[in-house]
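Examination of the molecular architecture
Listed here are the chains, written in short residue letters.
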Amino acid sequence: MQLVTSTIGTGAVQRYQDIINRFNNAPGGDYLQRINDSYNSLDAAGKNEFSSAVRTAVDSFYLDKKAPPPWDAKTLLAQPPTGGFEVDYYAETNPSVATDYWSKVASGDLDFIGRYGSDSPNLYLMQHYTNEGRYQGLRGNREQPAEGVTGFKETLTDAQRSGYRDQLLGITTDETTGKQSLVLATPEYDEEGNLKNPEEIDTQLEAEFAKILTATDAQKQRQLGALAQDVLTESINALKEAKAKEANLSFMKGLPGYSEILDINTTLANSILGDTGVGGLLSMTGTAKQAKSDLEKSIEQITGVSSNSTIYNWQKWFDETLLKRYEEYEYAVAEYSDEEIKAQQDQAKEEIKNYEEQVAAGEVDLEKPVYLKALDVLKEEDQSLDINNVDDFKKIMFEVNLQAQKDFVGSFINGYLKPRFDQSKSMDEFISYLDVKEDEQNIFQSQTTVNKLKQIADLRAKNFLDLIKQAEETEKQFDANFYFDPVGNNTKDIGAEKIAQYQIQKDAVAQDFADAADEDNPNAEFWATEAYRYGYEKDYKTNPETFARLHYQVKGRFQQLDENGKAFMFDPAEDILPVQELQQKIQDFGKELALRKELYGDASFMQFVTPEEYADSLLESIDPAQNNEEWRKILEQLGLDYTEDLGQVKEYLIESFRTEEAKTIRENIKYLNEAKEKLTQKTLGVSYIERKEDEKEVDAGETALYNIFKSAGYAGSEDEFYTDFMPDVDRSEQEVISKVMSDKGLTLEGLNADDPFSAFTGISSLMGEDGQLFESDKKDKSPVESSYFNIFGDDEEDLPQKSEAAQSFISDFTSMFKGFK
């Protein structure tokens, strides 16, 4: 190295030459330390004379003669386990390394610059990954996306959707509205018991339903329909006749002279009571009605004219006409072909054989087969009968069918007719229990067993439809826990074959996990490479969730073979709705209907349930205080505000399920009992079924003033008290006084003071029954007149229907009530 000495003195030249000699005589590797030491050894004049030209000459010399050679990336660079080193990725993910490079370049460290250059950090980044980064767990390239894992979605396959909709359930979609529906085809049988519509029973759900409804059920349905229609016709005709008699009697009473004859007992009684002055006195005591009634009965014995207000004795008609009609029912026994007789005979032999074997085995309480029962009956007259003889068996079959029809008619009379007539207060009500359309059948009027089973089947069909909709809308992501152990985490019914495949998956994943963690295992390197490829290298050896994702990406998503050589893929998530599960649900549906049918019994109709019985059964185990949340749900379903008054809710249920005819006659009976009037067909109409038990003492919400006189002996009703005895007393004022005198006192409970109209209404309710502040006259409360015109109209729609409340309630809350037995 030669120095330019034209600008410096001899002493300075000597000092710089000493620096050069120091570099020449020592190896490279500590450039900054040497240059700093040399510079610091100069005096002030020397430092001033150490120009940039001198420094450049020294640096050039050092780079040329002493600096380390450039880092050889071709031979030294370590590559990642898979793929090549990506310098840009490494710089991006490790910015501090690049920063360190530029910092050292700026420091002028010629040893560093000579090795890694001064214009790009790439060599330094390569060196850093090779010597430090890879040991620190830093990646040398970008991982490949684990698309098999991240892109996985568990959904119903197209094949599943199609199979579930078409073969299993039969779901249809309206092309116009897009609305889905599931309508079950009901098996239909002809009179010979042959299935008429097999082409409609084309899904597994319908096949299960068809197993429940047999040809025998269809025959019973026809029998019940014929009998019920006959009862309806007979009842309507009888009521027509009675109302015609009522109309004729009313007409005759209006004829001059004739009414005087018919009403002679009443006229004479009124005359006697009026002329003697006794009537006025009795009116003051409230006993005038009873006295007049007793006097009319006495006069009847003198005049010979009956005062009986009964036009038609419905109980007598029911017992002696209607029931007798069915007790003397003419039975028609079906005839069978020789082939049918032979099949029946074989079945009878088998049933009797099984029965005798069970008895011989010690089983008790077994019911005899119907054939054996019939044989026992016939043998009382002919001991020679043999079930193996065809002619004898025909006699047995005749007896079996005859007894079956007798049993059916007997159950119809005792289980169908009597409960409905006994419950009815009027013939209008009785008819309303009989005349029910197919789609409106219910346990509060008339309902066949088949109709009940159809209702339940339709309800379950809706559940199946909802299940499929939910399954089609469901998506599941990769579930590492399930993938690692599908056997333990599976909750679905998937069948034996898939369970075996799940076991293969569980064993394979567990073994590979163990191999990956064992460095001495030959497979360990494979898993290390694959883990690095997909970015799972940090904890794939120790974390089952990480390894599950790695395993599915590398192996599981590709075909495997089970023990039978059948191809399958590992399952990354539990199935949404396996076909086996849906098939099992359909089978359970069939079992439920079969069980319900068995519980309903042999009768073709459901047990008649009164609204009172239903309300009691629904509320008997409910305690609003202990089951508040459930109680609130019930009230919400009923559309009622919160209350803990079980009686109030019970009355609501009863009123909701009564027919209009039942509601009307009961309101009239209640009013007449409050008014202490006689319950007769004269006061309630010819449709009324007179029964002594309807007459009851009714608390009509008596006022304190009335109670005082009642306790002193006044025997009249509260209406008579304020109408006849004390007509000048304002009854509404007495009601307010009675409220004040009560234990509860005069309260404004529920009054909304923020709303003047609501408050006005609340206060008005305290001023009288009519709820008005400035008017105390009550509306004339009289029983609703019964009319036959709404029964015998030309249009079928005019026939009695259940109340709108009941229709609405049944429609809105079908699922709540249809399971009631």
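Our subject in this report is the structure included herewith.

About the criteria used
Residues numbered from 1 in each chain as written. Predicted model: local features only at pLDDT ≥ 70, side-chain atom pairs only at ≥ 80, totals over all residues. Heavy atoms only, no water. Axes fitted to C-alpha atoms, helices over the stretch in contact; angles between N-to-C directions. Helix = DSSP H or I, 4+ residues; strand = E, 2+ residues; numbered from the N terminus. Left-handed = near helix turned anticlockwise from the far one by under 90°. Contact = heavy atoms within 4.5 Å. Nonpolar A, V, L, I, M, F, W, Y, C, P; charged D, E, K, R; others polar. Parallel < 35°, antiparallel > 145°, perpendicular 65-115°, else oblique. Buried < 20%, exposed > 50% of the residue type's maximum accessible area, 1.4 Å probe, protein only. Salt bridge = Lys/Arg side-chain N within 4 Å of Asp/Glu carboxyl O. Core = buried A, V, L, I, M, F, W, Y, C linked by side-chain atoms within 4.5 Å.

**Re the packing of helix H31 (residues 628-638) against helix H32 (residues 646-657)**
For any two helices packed against each other, one specifies the inter-axial angle together with the distance between the axes. Between H31 and H32, the least distance of the axes is 12 Å, while the angle of their chain directions is 35°. Considering only the axes of H31 and H32, their crossing is left-handed. Note on element contacts: H32 touches H31 through Leu646, Val649, Tyr652 and Leu653, opposite Trp631, Leu635 and Leu638. The residue makeup of the contact of H31 with H32, split by class, is seven nonpolar, no polar and no charged.

**Considerations on the packing of helix H26 (residues 496-517) against helix H28 (residues 544-556)**
Where H26 contacts H28, the two axes come as close as 10 Å, and the packing angle between them is 110°. What the angle tells us is that H26 and H28 run roughly perpendicular. On the side of H26, the interface is formed by Ala508, Val509, Asp512, Phe513 and Ala516, while H28 contributes Pro544, Phe547, His551 and Lys555. Of the residues that constitute the contact of H26 with H28, the class distribution is six nonpolar, one polar and two charged.

**Structural notes on the side chain of His128**
Secondary-structure assignment places His128 in helix H9 (residues 122-131). We classify His128 as buried; its relative accessible area is 9%. Not counting the four nearest positions on each side in its chain, His128 is found in contact with Tyr90, Val97, Gly133 and Leu138.

**Some remarks on the pattern of salt bridges**
In this structure the tally under the stated criterion is 35 salt bridges. In this structure, Arg460 and Glu592 form a salt bridge, with 2.7 Å as the shortest nitrogen-oxygen distance. Here Glu592 lies in helix H29 (residues 579-600) and Arg460 lies in helix H23 (residues 449-473), a separation of 132 residues in the sequence. A residue is classified by how much of its surface remains accessible, and Glu592, at 21% relative accessible area, is partly exposed. The salt bridge partner of Arg596 is Glu592, with a shortest N-O separation of 3.1 Å. In this pair, Arg596 and Glu592 both sit in helix H29, four residues apart, roughly one turn of the helix. For Arg596, a relative accessible area of 12% gives the class buried. Via salt bridges that share partners, Arg139, Glu143 and Glu537 belong to a single interconnected network.

**Section: the nonpolar core**
The biggest cluster of nonpolar side chains holds 44 residues, and the ones touching the most others in it are Leu169, Leu182 and Leu582. It is H23 that contributes the most residues to this core, nine residues altogether. Ignoring any residue separated from it by four or fewer positions in sequence, one finds Leu169 in contact with Tyr164, Leu182, Thr203, Leu205, Phe464, Ile468, Leu582 and Ile586. By size, the runner-up hydrophobic cluster in this structure holds 31 residues, among which are Val231, Trp314, Leu322 and Tyr416.

Function cannot be read off these values alone, since they describe shape.
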